[in-house]
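# Results of the structural survey
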Amino acid sequence: AGSAVVTGTCTQCTAGKFAVAGSTVCTNCAVNTFSAAGSSVCTNCDGGSTSAAGSTVCTVCAAGSAVQTGSCTQCTAGKFAVAGSTTCTSCSANSFAAAGASVCTNCAAGATAPAGSTASTDCTACSAGNSLVGGVCSQCAAGKFSLAGSTTCTTCAVNTYADAGSSVCTNCDAGSTSPAGSSSTNDCTVCAAGSAVQSGSCTQCTAGKFAVAGSTVCTSCSAGSFAVAGSSTCGQCGVCCGWFYYLNSYAGAGASVCTNCAAGATAPAGSTASGSCTVCPAGSAVQTGTCTQCTAGTFSLAGSSTCGNCAANTFSAAGASTCGACAAGSTSAAGSSDCTVCPAGSAVVTGTCSSCAAGKFAVAGSTVCTNCAVNTFSAAGSSVCTNCDGGSTSAAGSTVCTVCAAGSAVQTGSCTQCTAGKFAVAGSTTCTSCSANSYAAAGASVCTNCAAGATAPAGSTASTDCTACSAGNSLVGGVCSQCAAGKFSLAGSTTCTTCAVNTYADAGSSVCTNC
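So, a few notes on the structure that sits alongside this text. Because the structure is a prediction, the values reported are computed rather than measured. (Residues numbered from 1 in each chain as written. Predicted model: local features only at pLDDT ≥ 70, side-chain atom pairs only at ≥ 80, totals over all residues. Heavy atoms only, no water.)

Quick look at the overall build of the protein now. When its secondary structure is counted, the protein shows zero helices and 64 strands. Since a compact globule built from 515 residues should have a radius of gyration of about 24 Å, the 64 Å found for the protein marks it as more spread out than a globular shape. In terms of principal-axis extent, the alpha carbons of the protein reach across some 185 × 130 × 25 Å. Looking at the protein residue by residue over its 515 residues, the buried ones come to 32%. Counted over contacts in the protein with a minimum sequence separation of 6, partners at least 24 positions apart contribute 19%. Surface exposure of the protein reaches about 26,300 Å², of which carbon and sulfur atoms provide 57%. A gap of 10 Å separates the mean positions of the 7 positive and 9 negative side-chain charges of the protein. (Helix = DSSP H or I, 4+ residues; strand = E, 2+ residues; numbered from the N terminus. Rg over C-alpha atoms; globule rule 2.2 N^0.38 Å. Buried < 20%, exposed > 50% of the residue type's maximum accessible area, 1.4 Å probe, protein only. Contact = heavy atoms within 4.5 Å. Areas by Shrake-Rupley, 256 points an atom, 1.4 Å probe, with all protein chains shown as cover. Lys, Arg positive; Asp, Glu negative; His and termini not counted. Charge placed at Lys NZ, Arg CZ, Asp CG, Glu CD.)

This is the structure in C-alpha cells:
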C-alpha cells in the first residue's frame, strides 16, 4: 500500500495521492482531503479547512468566511466568522456586520438593533424618557428622566419631580421642596409657617424674622415688633405679655424684645417695668406662669422656680418651705408626704428598713437590730429571740442552740463538766450523783458499778471507794448483811451458802462446823 506499478516497478505514491496494496496507479486525494508521500489513504481536512483534489495540505478558511458546500465562502451581511469557522454566526441584538465580517460591531451607547443587523443604520437610539436596560429600551421609573439615546435614567434633583417615562424633571412650586427622586407633585411639601426655602431646603427663620407657609424668603420684623426663631408673625411688645410664651415679663415702649422677670417671680399681663415682678413666697413656685403652692412631699424657698422633692427619710405637707426628718426607726422615699415605721424584725440601715440578720431581733420602729441574749436564738427577720431548749446553750447573737455533750450539763448558763461522783447524758440540765455501790470520774456520762460483793456510798468518785463485804456477810439489796444461822460466806460474797449435812453454823459464820 502507498505504491503502484510504474514502468514495471513498484513506485511510492507522491504526496497528494494514495494507493491500496496491488494498485497499478496512485490516485489523487479527493477535495477536502490530503496525504503525504507513500500514503495508503487520504486524511480529511479539519473543520473550517478545505483543499483541492490532490492536495498535500489543507487551508484554514480566513476570518469572515466559513466552509459551505465544501469550500470557504464569504459570510453574508449580518453574520460573522473567525478564521477556521465551519459556519457563519448571526450578529446578536444591538450589533451589526457587513458581508465578510470577522466580528460584529456594537451599536452606539443607548441604541438598539435586531439580531442579524447588517449596518449602523439598523441601530435606533432609545427615545427620551427611556434607557437601555439589558439590551432593551425600557421606560424610566417615576422620579427619574433621560434624554434620547441615554444608557441610564438620571434621578431627579431635590425640589423637582418626574412621572414615569419623563425626559425632564419638573420644578416644585415656589416655597415647596422635595427629596431627590420625587415622583409627583404630591412629593413637593410646602414649607411650614416660620420657615422658607433657603439653599434648596425649608429652613427655620432666624430670630427677628418671620414667614408664612410657602414662603421663599424670611421677612424682617418692622421696628417696634419682635419674633423668636421660627416665627410665622411678629409680636408687638406692647401686648407681648398676654402671650403664654411671655408670661411674667415686661417691656418698655418701643422695645425689640420682652424681658423676663427673675426666676421664681411673676408679673401680670401687660407689665411695663421690672417693678411689676413679684417673688413667689416660700412653699410655692412658678408653675404654668403663676405662683402655685408646692404639693405634699415637695418644698421651696422664697423665689423658687420649681418645688424640689423631699430627700429620702424626710417628708413635708403641702406648701412647705422645708422638709422634716422622719422619726427614729422610720423611713420614707424621696418626695414623700409622710414616713413609714420599720416593721418588727427590721431596722433602719443606711436609710432603709432592712430585715434583721439571723441571731438578731428588733421590735417595730427600731433603729438597730439587737443581738439575741445568751441561751436564745433567732432566724432572719425576727421580732423576738427564742429560748434554747433545756440542756442546750448558745452564745449571744446565735442563730441555733448547741446541745450539751454527755458528761456535762447546763450550769449558770453554760455547758459545764460534771464533777467526780456525778454523771450526765447529752442534753442534761443537771449532773446526777452516782447511786450507792457505783462511782464516776469527772465528766462521766454514766456511773460504773463496784465489783460483785462490794459496796460504796452514793456519789463515790473512784473504784477505791468500793469495799468488799467481810466473811460471814453477803451483799443483799446493795448492803452487806450478816449470814443467818445455818449459812456461811467467804469475804466478798454476794450470797450466803447453806451448810452441808452433818455441819452447822451460827449467824455470821465464815465456815460451817462438823457435827
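Right, let's get into the pairing of strand E10 (residues 71–74). Pairing geometry for strand E9 (residues 65–68) and E10, over four bridges, is antiparallel. When the sheet's bridge partners are listed, Gln-68 is paired in E10 with Ser-71. The hairpin turn running from E9 into E10, its antiparallel successor, is two residues long, and Thr-69 in that turn takes a positive phi close to 50°. (Pairing = 2+ DSSP bridges.)

What follows covers the pairing of strand E26 (residues 201–204). In this sheet, E26 lies alongside strand E25 (residues 195–198) in antiparallel orientation, the contact comprising four bridges. Its bridge partner lying in E26, Ser-195 is registered against Gln-204. Where E25 folds back on E26, the antiparallel hairpin that results is connected by two residues, among which Ser-199 adopts a positive phi of roughly 55°.

Located in the positive-phi region is Thr-412, a residue other than glycine, with phi close to 50°. Residue placement: Thr-412 occurs in the loop between strand E51 (408–411) and strand E52 (414–417). Positive phi outside glycine occurs at Asn-437, with the angle close to 70°. Among the secondary structure elements, Asn-437 is positioned in the loop between strand E54 (432–433) and strand E55 (438–439). Looking at Asn-437, the relative accessible area reads 14%, which means it is buried.

The next point concerns the state of the cysteines. Taken as a whole and assessed by the stated rule, the structure comprises 29 disulfides. Covalent S-S linkage joins Cys-191 and Cys-202, the inter-sulfur distance amounting to 2.0 Å. Because the torsion about its S-S bond is -90°, the bridge between Cys-191 and Cys-202 counts as left-handed. Pair noted here: Cys-191 is in the loop between strand E24 (189–190) and E25 and Cys-202 is in strand E26, with a separation of eleven residues, a long-range link. Here Cys-191 falls in the buried class, since its relative accessible area comes to 1%. Exposure remark for Cys-202: the relative accessible area of 35% places this residue in the partly exposed category. (Disulfide = S-S within 2.5 Å.)

The next subject is the environment of Cys-431. Assignment of secondary structure puts Cys-431 in the loop between strand E53 (422–423) and E54. With twelve residues separating them along the chain, Cys-431 and Gly-443 place their C-alpha atoms 9.4 Å apart. If we skip the residues at most four places from it in the chain, Cys-431 touches Ala-409, Gln-411, Cys-418, Lys-422, Phe-423 and Ala-424.

Along the chain, Thr-393 falls in strand E49 (residues 392–393). Ignoring sequence-local partners within four residues, the contact set of Thr-393 consists of Asn-375, Cys-388, Cys-401, Thr-402, Cys-404, Val-410, Gly-413, Ser-414 and Cys-415.

Next up on the list: the side chain of Ser-438. Structurally, Ser-438 can be placed in strand E55. Within polar-contact distance, the side chain of Ser-438 engages the backbone oxygen of Ser-435 at 2.7 Å. Leave out the neighbours within four places in its chain, and Ser-438 touches Cys-447, Thr-448, Asn-449, Cys-450, Ala-456, Pro-457 and Ser-460. (Polar contact = N/O pair within 3.5 Å; in protein donor to acceptor, adjacent residues only side chain to side chain.)

Another point: the environment of Ala-282. Along the chain, Ala-282 turns up in the loop between strand E34 (278–279) and strand E35 (284–287). When the C-alpha atoms of Ala-282 and Ala-4 are compared, they prove to be 141 Å apart, with 278 residues separating the residues in sequence. Those residues in contact with Ala-282 that lie beyond four places of it in its chain are Ser-300, Leu-301, Ala-302 and Ser-321.

Note that Asn-449 resides in strand E56 (residues 448–449). Those residues in contact with Asn-449 that lie beyond four places of it in its chain are Asn-437, Ser-438 and Tyr-439.

Read these as spatial facts, not as claims about activity.
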